[in-house]
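Secondary and tertiary structure notes
Spelled out from the first residue to the last, the chains are:
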Amino acid sequence: MALDGKAALVTGAAQGLGKSFSEVLLQHGAKVAMLDVAEEAGKSLKESLDQRYGADRSLFIPCDVQSQQQFKDAMQKAVDTFGQLDIVCNNAGIVDERAWEEAVSINLMGVIRGTYLALEHMNKLTGGPGGVVINVASLAGLGPLLSAPVYTATKHGVVGFTRAMADASKVSGYGVRFNLLCPDFVQTNILSALTSSLGPFAHLRDSTKHLMEKHGILDVSQVSQAFLQLLLDQTKDGEALMVLGNGSQYYPFPSLE
Ligand SMILES: NC(=O)c1ccc[n+]([C@@H]2O[C@H](COP(=O)([O-])OP(=O)(O)OC[C@H]3O[C@@H](n4cnc5c(N)ncnc54)[C@H](O)[C@@H]3O)[C@@H](O)[C@H]2O)c1
Ligand SMILES: CCCCC[C@H](O)/C=C/C=C\C=C\C=C\[C@@H](O)[C@@H](O)CCCC(=O)O
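All of the points below concern the structure found in this document. (Residues numbered from 1 in each chain as written. Chains lettered and ligands numbered in written order. Predicted model: local features only at pLDDT ≥ 70, side-chain atom pairs only at ≥ 80, totals over all residues. Heavy atoms only, no water.)

**Overview of the overall build of the protein**
Within the protein one finds nine helices and eight strands. At 17 Å, the protein has a C-alpha radius of gyration in line with the 18 Å of a compact globule built from 257 residues. If you line up the protein on its principal axes, its C-alpha atoms span 50 × 50 × 35 Å. Within the protein, the fraction of its 257 residues that count as buried is 52%. In the structure as shown, the protein presents an accessible area of about 11,400 Å², 52% of it carried by carbon and sulfur atoms. Of note, the protein has its 20 positive side-chain charges centred 2 Å away from the centre of its 26 negative side-chain charges. (Helix = DSSP H or I, 4+ residues; strand = E, 2+ residues; numbered from the N terminus. Rg over C-alpha atoms; globule rule 2.2 N^0.38 Å. Buried < 20%, exposed > 50% of the residue type's maximum accessible area, 1.4 Å probe, protein only. Areas by Shrake-Rupley, 256 points an atom, 1.4 Å probe, with all protein chains shown as cover. Lys, Arg positive; Asp, Glu negative; His and termini not counted. Charge placed at Lys NZ, Arg CZ, Asp CG, Glu CD.)

**Observations regarding the site of ligand 1**
Residues in close proximity to ligand 1 total 29 residues, the closest being Gln15, Asp36, Asn91, Tyr151 and Thr188. The contact in question runs from an oxygen atom of ligand 1 to an N or O atom on the side chain of Thr188, over 2.5 Å. In isolation ligand 1 has 820 Å² of accessible area, and contact with the protein removes 94% of it. Mapped by element, the contributors of at least two residues to the shell around ligand 1 are helix 1 (16-27), helix 5 (149-172) and helix 6 (189-192). Counting residues per element, the shell around ligand 1 draws most heavily on helix 6, which supplies three residues. Split by residue class, the shell around ligand 1 holds 16 nonpolar, nine polar and four charged. (Near = heavy atom within 4 Å. Polar contact = N/O pair within 3.5 Å; in protein donor to acceptor, adjacent residues only side chain to side chain. Nonpolar A, V, L, I, M, F, W, Y, C, P; charged D, E, K, R; others polar.)

**Digging into the site of ligand 2**
Every one of the 14 residues lining ligand 2 counts as a neighbour, but Ser138, Gly143, Pro144, Tyr151 and Lys214 are closest to it. With respect to ligand 2, the backbone of Gly143 contributes an N or O atom lying 3.4 Å from an oxygen atom. Look at ligand 2: alone it shows 670 Å² of surface, and the protein chains cover 76% of it.

**A short note on the packing of helix 1 against helix 9 (residues 220-232)**
Contact geometry of helix 1 with helix 9 gives a least axis separation of 9 Å together with a crossing angle of 55°. It follows that helix 1 is oblique to helix 9 by the angle criterion. The way helix 1 lies across helix 9 gives a crossing that is right-handed. Contacts between helix 1 and helix 9 pair Gly16, Leu17, Ser20, Phe21, Val24 and Leu25 from the former with Val220, Ser221, Val223, Ser224, Gln225, Phe227, Leu228 and Leu231 from the latter. Split by residue class, the contact of helix 1 with helix 9 holds nine nonpolar, five polar and no charged. (Axes fitted to C-alpha atoms, helices over the stretch in contact; angles between N-to-C directions. Parallel < 35°, antiparallel > 145°, perpendicular 65-115°, else oblique. Left-handed = near helix turned anticlockwise from the far one by under 90°. Contact = heavy atoms within 4.5 Å.)

So, in structure tokens, the structure goes:
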């Protein structure tokens, strides 16, 4: 299978998109370390996956991506268990326009933390095997969502950071590729909790609901197939794959050179 012998790590893996990414990785032969703060959901998922794929193919590690020590220890445990890491997907994220510092801490700082920790283990200049990092942004990382300005800021930050890391890696010779997944609306807990997550912008909820009606709502399986497409295309580096109701397409970033 396409990912036989590969070892992956996914954050926010217990539910939603991260759960779907983990399943696709296992279906295609990879071993997966699943990190999440949702311990019960993570343990339940691990039990289910053990039944389908065997206990040695996956690992669930309770981890808050806001904690440098927890994240560092979790990634080290994954490397100790699987021998190395070839794939890291920084997926964990929230929408919370009231507790906006937490949203920045998880969505942006957590992705930066996971990217740097992944590079520590993958960097060919320091004896690593190379690899690929996929950071999960959003269409809100490419255009503003007026009902969620901080969420928009975090996702725009993830896009800019990831593209800069791809360029830095190419020039430095790290042997690590960095790419972005930018899904449209997807039916997960994030959408279900929309009414309570917009804080001071709750009066703009209907605007976003109209946008959802206009764009449609994706199923997690549509996004995880795009995740696999991005993962398997070794020509992609510094690219953003948009996942839309009518298919997936790479965002045409303008050249500023
Ligand atoms: N659902 C959408 O419409 C949509 C669209 C585009 C992008 N995204 C992005 O996809 C990613 C996954 O979101 P989802 O829709 O699957 O939501 P979700 O709420 O279903 O899943 C998010 C997972 O992340 C975990 N998590 C939250 N904070 C964490 C932390 N501090 N440390 C570790 N794990 C943590 C949660 O426990 C949960 O299991 C997020 O980055 C989100 O911004 C979602
Ligand atoms: C409150 C956010 C919940 C879901 C967040 C998740 O990341 C999904 C995002 C999906 C789509 C974002 C689209 C953003 C579009 C804007 O850039 C702009 O195109 C909207 C223009 C206004 C309009 O068409 O109504």
